[in-house]
Amino acid sequence: MTTLKEQLRADLTTAMKARDTLTSSTLRMVLTSVTNAEVSGTQARELSDEEVLTVLTSEAKRRREAATAFEEGGRAESADKERAEAEVIARYLPEQLTADEIARIVTAAVEQTGAAGEGMRAMGKVMGVVQPQVKGRADGGAVAAEVRRQLG
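Residues numbered from 1 in each chain as written. Predicted model: local features only at pLDDT ≥ 70, side-chain atom pairs only at ≥ 80, totals over all residues. Heavy atoms only, no water.

**Points about the overall build of the chain**
What the chain contains, in helices and strands, is seven helices and zero strands. Element order for the chain, N to C, with α for helix and β for strand: α-α-α-α-α-α-α. For the chain, the C-alpha atoms occupy an extent of roughly 60 × 40 × 30 Å along the three principal directions. Residue burial in the chain is summarised as follows: out of 152 residues, 36% are buried. Residue pairs at least 24 apart in sequence account for 58% of intrachain contacts in the chain once pairs closer than 6 positions are excluded. On the chain, roughly 9200 Å² of surface is accessible, and the fraction owed to carbon and sulfur atoms is 52%. Across the chain, the centroid of the 21 positively charged side chains sits 3 Å from that of the 24 negatively charged ones. (Helix = DSSP H or I, 4+ residues; strand = E, 2+ residues; numbered from the N terminus. Buried < 20%, exposed > 50% of the residue type's maximum accessible area, 1.4 Å probe, protein only. Contact = heavy atoms within 4.5 Å. Areas by Shrake-Rupley, 256 points an atom, 1.4 Å probe, with all protein chains shown as cover. Lys, Arg positive; Asp, Glu negative; His and termini not counted. Charge placed at Lys NZ, Arg CZ, Asp CG, Glu CD.)

**Remarks on the pattern of salt bridges**
Once the charged atoms of two side chains with opposite charge are near each other, the side chains can pair. All told, the structure shown has twelve salt bridges when counted by the stated rule. R63 serves as the salt-bridge partner of E59, at 2.8 Å between the closest nitrogen and oxygen. With E59 and R63 both in helix α3 (residues 49-72), this residue pair falls four residues apart, about one helical turn. E59 gets classed as buried once you look at its relative accessible area, which sits at 4%. Residue class for R63 comes out buried when judged on its relative accessible area of 5%. (Salt bridge = Lys/Arg side-chain N within 4 Å of Asp/Glu carboxyl O.)

**A closer look at α3**
A rise of 1.5 Å per residue sets the reference length of α3, with its 24 residues, at 34 Å; its end C-alpha atoms lie 35 Å apart and thus fit the reference within 8%. Regarding α3, the residues found buried are V52, L53, V55, L56, E59, A60, R63 and A67. Close packing links the buried residues of α3 with α1 (4-17), α2 (21-39) and α4 (76-90). One or two steps after α3, the chain reaches G74, where phi turns positive at roughly 80 degrees. (Expected span 1.5 Å × (residues − 1).)

**Observations regarding unusual backbone geometry**
Although it is not a glycine, R19 sits at a positive phi angle of roughly 60 degrees. With respect to the element layout, R19 can be found in the loop between α1 and α2.

**Topic: the packing of helix α5 (residues 99-113) against helix α6 (residues 123-134)**
Running from amino to carboxyl end, α5 crosses α6 at an angle of 135 degrees, the nearest separation of the two axes being 9 Å. Taken together, the axes of α5 and α6 are oblique relative to one another. The two elements α5 and α6 cross, and the hand of that crossing is right-handed. Note on element contacts: α6 touches α5 through K125, V126, V129, V130, Q133 and V134, opposite I105, V106, A109, V110, Q112 and T113. For the contact of α5 with α6, the residue count by class is eight nonpolar, three polar and one charged. (Axes fitted to C-alpha atoms, helices over the stretch in contact; angles between N-to-C directions. Parallel < 35°, antiparallel > 145°, perpendicular 65-115°, else oblique. Left-handed = near helix turned anticlockwise from the far one by under 90°. Nonpolar A, V, L, I, M, F, W, Y, C, P; charged D, E, K, R; others polar.)

**Some points on the environment of V55**
As for its position among the elements, V55 is in helix α3. Classification of V55 as buried rests on a relative accessible area of 12%. Spatially, the C-alpha atoms of V55 and T26 are 13 Å apart, while their sequence positions differ by 29 residues. Filtering out sequence-adjacent residues up to four positions away, V55 remains in contact with S33, V34, A37 and L47.

The structure is reproduced here in C-alpha cells:
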C-alpha cells in the first residue's frame, strides 16, 4: 500500500509525462508544502498520511480563499486558476460532508456534551468533540457556523 505522499509523487510524474501543466505545477506546490512541514520544527521527520492530509486541506483552503480574493478584486482569470488548482487538490481529499451531515454531527456533539442550554460558552467544548470527526472532510468555518447556529 502506498502512502499519500508516494501517490502524490507518482501522479506528479504521470502529469509531467502527459504535459499536464496545471496538475504538475499544483502537485509540485503541494509536495513543497509537505516537505516544508516535514523539516519544520526541531527535527526533520516523515509525515504520516493524516498529517499529509492536513497539509492538503490547508492548501485547498488557501486556494479557495485566494480565488475569492481574486474574484472580489476583479481578476477572474487568476480566480479561475486558483479554483482549478483547488480541484486538483480535492482529488486527494476525502469526500466532503454535506451541510446536513455536518448538522447531524454537531447535534450529536451538543447532546453528548450536554451543551444545549449553555449557549455560546459551550462552543469550545462542542468543537472539541466535532473537529476529530470532520477533520479533512469539512471546512472549519462551516462547522463553526453550524455550532454557533445550534447553540444560539
